[in-house]
Amino acid sequence: MSLIYLLDLSAVAVCAITATLEAHRRELDLFGVWVIAIISGIGGGTVRDILLGRLPVYWVHDPVYVMVGIVAGTLTFFLGRRLSLPKNFFLIPDALGLALFTVIGTSVALKLGTPWLIASLMGVITGVFGGVIRDILCNEVPLILRTDIYATASLAGALLFIALESLGMTHNASMLLAMSSIVIIRLAAIRWHIHLPRLGAEA
Amino acid sequence: MSLIYLLDLSAVAVCAITATLEAHRRELDLFGVWVIAIISGIGGGTVRDILLGRLPVYWVHDPVYVMVGIVAGTLTFFLGRRLSLPKNFFLIPDALGLALFTVIGTSVALKLGTPWLIASLMGVITGVFGGVIRDILCNEVPLILRTDIYATASLAGALLFIALESLGMTHNASMLLAMSSIVIIRLAAIRWHIHLPRLGAEA
Amino acid sequence: MSLIYLLDLSAVAVCAITATLEAHRRELDLFGVWVIAIISGIGGGTVRDILLGRLPVYWVHDPVYVMVGIVAGTLTFFLGRRLSLPKNFFLIPDALGLALFTVIGTSVALKLGTPWLIASLMGVITGVFGGVIRDILCNEVPLILRTDIYATASLAGALLFIALESLGMTHNASMLLAMSSIVIIRLAAIRWHIHLPRLGAEA
């Protein structure tokens, strides 16, 4: 379980870093950066825990999650101006984070005995809701409502994970396969500009 | 109780359909439509359950609610472009949904022994908060903060329901009378452009 | 404890009044004012209680909080147009409210045995989240993400309170000192335009 924990913390850090970089467009002070970094990193799991009634939420008795968000946000705040990272530098870590959060969230819900549809929803919420709350705070329409295959990759992976588990595959193999599928779908969608049908488009 | 359940699911469907139709103005993809449809249908009861500590929230162990939201949103997404419904087609179902959600929410809170003021508040939250969260996600000032008698009809009905129950009227009769009053107030307000005093207006 | 209770209610009233005054810029009707007034007054403690799992949230079984919000909002709604208060009239009550909410929130979390970092976070959430939700509803980027030392004063006071308590100072003395430090930092920041380093600024 220790590997999952380390990966989980890494995903929190990646979310905090990308959120801080994106926040560069806005005039946030250091405290605002902390808020955005922490919420992006732990917001999804927080909403999942509240809906499922797993209270207090997971980071209340393990402050390492909040610390990772603060440290990652602060370092990015001061270093982010100097470094000029290539635009796509975080695409792969970001897809990995989405994959990990989704599979962990789905797994948590399944263990509590929730029906598969709800468990997959909890996986998606864990994967994307940190970004949703961040966008609401920054007064933007959340990305997942208007962009290409992001939440959809998360949903596909959550459903695959549930199918593999129910077919009797081992937990670790199911996780690995589901996570790989999320990363592949996400990167393929970016590479070939795949998207779902849209409202408002001429169809 | 089976009739209430069917009515409740119908109200979820109506909320999902109207939310999808309203979302036509925005460039949402199919996944975004699901998010908006589900949240509009079950958001109010979710906030109520969290505040009251009825966790996990009501739809976690009954996935039919989420399914109804997804199906209603998907059908509207694909059919909504072809049909051109009259503008006021959903005014009455919408008022019925508001009435039903309000009375159910108030009733749930009363059964938990909350004071009448809080129970009426929970009724209003159940009735209107799905729309509030939908508007926040779509980056608009929530309708209830700026429009005519909508939440006010919900509040009046919740208070009437509590008064009738405390006067010893049967549960079903109280529900029916309170719901009727909400529908009548709501439709009358639309018909005769009644509204509360406003800030900023020349008074 | 009765003094704390009265102070707490006063802080709710101050939040409701300032929120209603600020809402004057927008076309809210009376119901919208109630929503804004109540949420500004009790939103922070509500989010804290949900995260910590103290459910139902604190105002469900004590409707006096909601009543204070409604009465303060209504009076301000009708009197606010006539009175022209000096612009800075509420700066000191507002700073006192921030101080009180912060220290109460931190104290509540400490009593539940949460780690100090999380307890200070709960203090800040109690102090500032009512305003955050109000700003989200009004479709503005929350003030704490873009303005001078507000949440930072709250955080500094929360940390001082925890330090003093752990050094063995009495509860009342710790509260008083921490609250004073929040008020002083807040007013000093306003007086001398102190702020944290900002993203996007030429540095």
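Here is what the cut-offs are and how they apply
Each chain has its residues counted from 1, running along the sequence as written. All chains are assigned letters beginning at A, and all ligands numbers beginning at 1, according to the order in which they are written. With the structure being a predicted model, the display of local features is reserved for residues of pLDDT at least 70 and the display and counting of side-chain atom pairs for 80 or more, all residues being used for whole-chain, interface and lining totals. Each helix is a run of DSSP H or I of at least 4 residues and each strand a run of E of at least 2, with the numbering of both proceeding from the N terminus. Our exposure labels follow a C-beta count within 10 Å of each residue's own C-beta, placed from the backbone: buried means 20 or more other C-beta atoms, exposed means 12 or fewer, and partly exposed covers the counts in between. Each residue is represented by a C-beta atom placed from its backbone, and any two residues with such atoms within 7 Å are regarded as in contact. The copies were overlaid with a least-squares fit restricted to C-alpha atoms from residues scoring a pLDDT of at least 70 in each copy. Lys, Arg, Asp and Glu make up the charged group, whereas Ala, Val, Leu, Ile, Met, Phe, Trp, Tyr, Cys and Pro make up the nonpolar group; the residues left over, Gly among them, are polar. Each helix should span, by expectation, one fewer than its residue count multiplied by 1.5 Å. Buried Ala, Val, Leu, Ile, Met, Phe, Trp, Tyr and Cys residues form a nonpolar core when they are connected through C-beta atoms within 7 Å. Per-residue confidence from the predictor is reported as pLDDT, which spans 0 to 100. The axes are straight lines fitted to the C-alpha atoms, using for helices just the contacting stretch, and the angles between their N-to-C directions are given from 0 to 180°. Between 65 and 115 degrees an angle is taken as roughly perpendicular, under 35 as roughly parallel, over 145 as roughly antiparallel, and anywhere else as oblique. Note on convention: the crossing is left-handed when the near helix lies turned anticlockwise from the far helix by less than a right angle, right-handed when the turn is clockwise.

**Things to note about the overall build of chain A**
Secondary structure assignment for chain A yields seven helices and zero strands. Reading the helices (α) and strands (β) of chain A from amino to carboxyl end gives α-α-α-α-α-α-α. When its C-alpha atoms are laid out on the principal axes, chain A stretches across 50 × 50 × 25 Å. Considering chain A as a whole, with its 203 residues, one finds that 53% of them fall into the buried category. For chain A, long-range pairs separated by at least 24 residues make up 70% of all intrachain contacts whose partners lie at least 6 apart in sequence.

**Comments concerning the relation of the copies chain C and chain B**
With an axial shift of 0.0 Å and an RMSD of 0.0 Å, the rotation relating chain C to chain B amounts to 120 degrees. Seen this way, the second copy is the image of the first under a three-fold rotation axis. Measuring from the rotation axis to each C-alpha of chain C, the shortest distance belongs to N139(C), at 3.9 Å. Each copy contacts the other with its own distinct surface, as only 12% of the interface residues of chain C are interface residues in chain B too.

**Here we look at the interface of chain C and chain A**
Of the residues lining the interface, 26 residues belong to chain C; the matching set on chain A comes to 26 residues. Sorting the residues of the side of chain C that touches chain A by element identifies α2 (30–52), α5 (116–137) and α6 (151–166) of chain C as the ones contributing at least two each. No other element matches the four residues that α5(C) contributes to the side of chain C that touches chain A. Its residues placed into classes, the side of chain C that touches chain A shows 17 nonpolar, six polar and three charged.

**Brief notes about helix α4 (residues 91–111) of chain A**
Residues and elements named next belong to chain A. In this model, α4 (21 residues) spans 30 Å end to end at C-alpha, consistent with the 30 Å of a helix rising 1.5 Å per residue. Within α4, 16 of the 21 residues are buried, which leaves it mostly tucked inside the rest of the structure. Positive phi appears at G113, one or two residues downstream of α4, with a value of about 80 degrees.

**Structural notes on the environment of Y150(B)**
Within the fold, Y150(B) resides in the loop between α5 (116–137) and α6 (151–166). By the C-beta count within 10 Å, which is 23 here, Y150(B) ends up buried.

**Remarks on the interface of chain C and chain B**
Contacts between the two partners involve 26 residues from chain C and, on the opposite side, 26 residues from chain B. Sorting the residues of the side of chain C that touches chain B by element identifies α2, α3 (64–79) and α5 of chain C as the ones contributing at least two each. The dominant element in the side of chain C that touches chain B, judged by the number of residues it contributes, is α2(C), at six residues. Grouping the constituent residues of the side of chain C that touches chain B by class yields 18 nonpolar, four polar and four charged.

**Some remarks on the nonpolar core**
I36(A), I36(B) and I36(C) are the most contacted members of the largest nonpolar core, which totals 199 residues. Among all residues touching I36(C), those that are not within four sequence positions of it are A19(C), T20(C), A23(C), L28(C), R134(C) and L137(C).

**Side note on the confidence of the model for chain A**
Residues and elements named next belong to chain A. For chain A, mean pLDDT is 87; residues scoring 70 or higher make up 90% of the total. Across chain A, helix α6 (residues 151–166) holds the top mean pLDDT of 95, while helix α1 (residues 2–22) sits lowest at 86. Among the scores for the predicted complex, ipTM is 0.90 and pTM is 0.92.

**Description of the packing of helix α2 (residues 30–52) of chain A against α4(A)**
All names here are of chain A. Following both chains from N to C, one finds α2 and α4 inclined at 10 degrees, their axes separated by 11 Å at the closest point. As summarised for this structure, α2 and α4 are arranged roughly parallel, according to the angle between their axes. α2 and α4 meet at a crossing whose hand is right-handed. Listed contacts from α4 to G44, G45, R48 and L52 of α2 are F101, G105, V108 and A109. Considering only residue class, the contact of α2 with α4 consists of four nonpolar, three polar and one charged.

**As for α6(A)**
For an α-helix, the turn length of 3.6 residues means that residues three or four places apart are oriented alike. The end-to-end C-alpha distance of α6(A) is 23 Å, a good match for the 22 Å that 16 residues give at a rise of 1.5 Å each. For α6(A), the full list of buried residues reads A151(A), T152(A), A153(A), S154(A), L155(A), A156(A), G157(A), A158(A), L160(A), F161(A), I162(A) and E165(A). On its buried face, α6(A) is in contact with α4, α5 (116–137) and α7 (171–192) of chain A together with α2 (30–52) of chain B. At the exit of α6(A) stands G168(A), carrying a positive phi of roughly 95 degrees.

**Some thoughts on unusual backbone geometry**
The omega torsion of the bond from L55(A) to P56(A) falls at -5 degrees, within 30 degrees of zero and hence cis. Tracing the chain through its elements places P56(A) in the loop between α2 and α3 (64–79). Residue H193(B) is not a glycine yet carries a positive backbone phi of 50 degrees. Inspection of the secondary structure puts H193(B) in the segment after α7 (171–192).

**A short note on the packing of helix α4 (residues 91–111) of chain B against α5(B)**
Residues and elements named next belong to chain B. Two numbers describe how α4 lies on α5: the axes approach to 7 Å, and their chain directions differ by 145 degrees. The handedness of the crossing between α4 and α5 comes out as right-handed. Only I118, A119, S120, M122, G123, V124, I125, T126 and G127 of α5 make contact with α4, whose side of the interface consists of L98, F101, T102, V103, I104, G105, T106, V108, A109 and L110. For the contact of α4 with α5, the class distribution of residues is 12 nonpolar, seven polar and no charged.

**Here's the deal with the environment of F77(A)**
Tracing the chain through its elements places F77(A) in helix α3. When the C-alpha positions of F77(A) and L30(A) are compared, they lie 7.4 Å apart, and in sequence the two are 47 residues distant.

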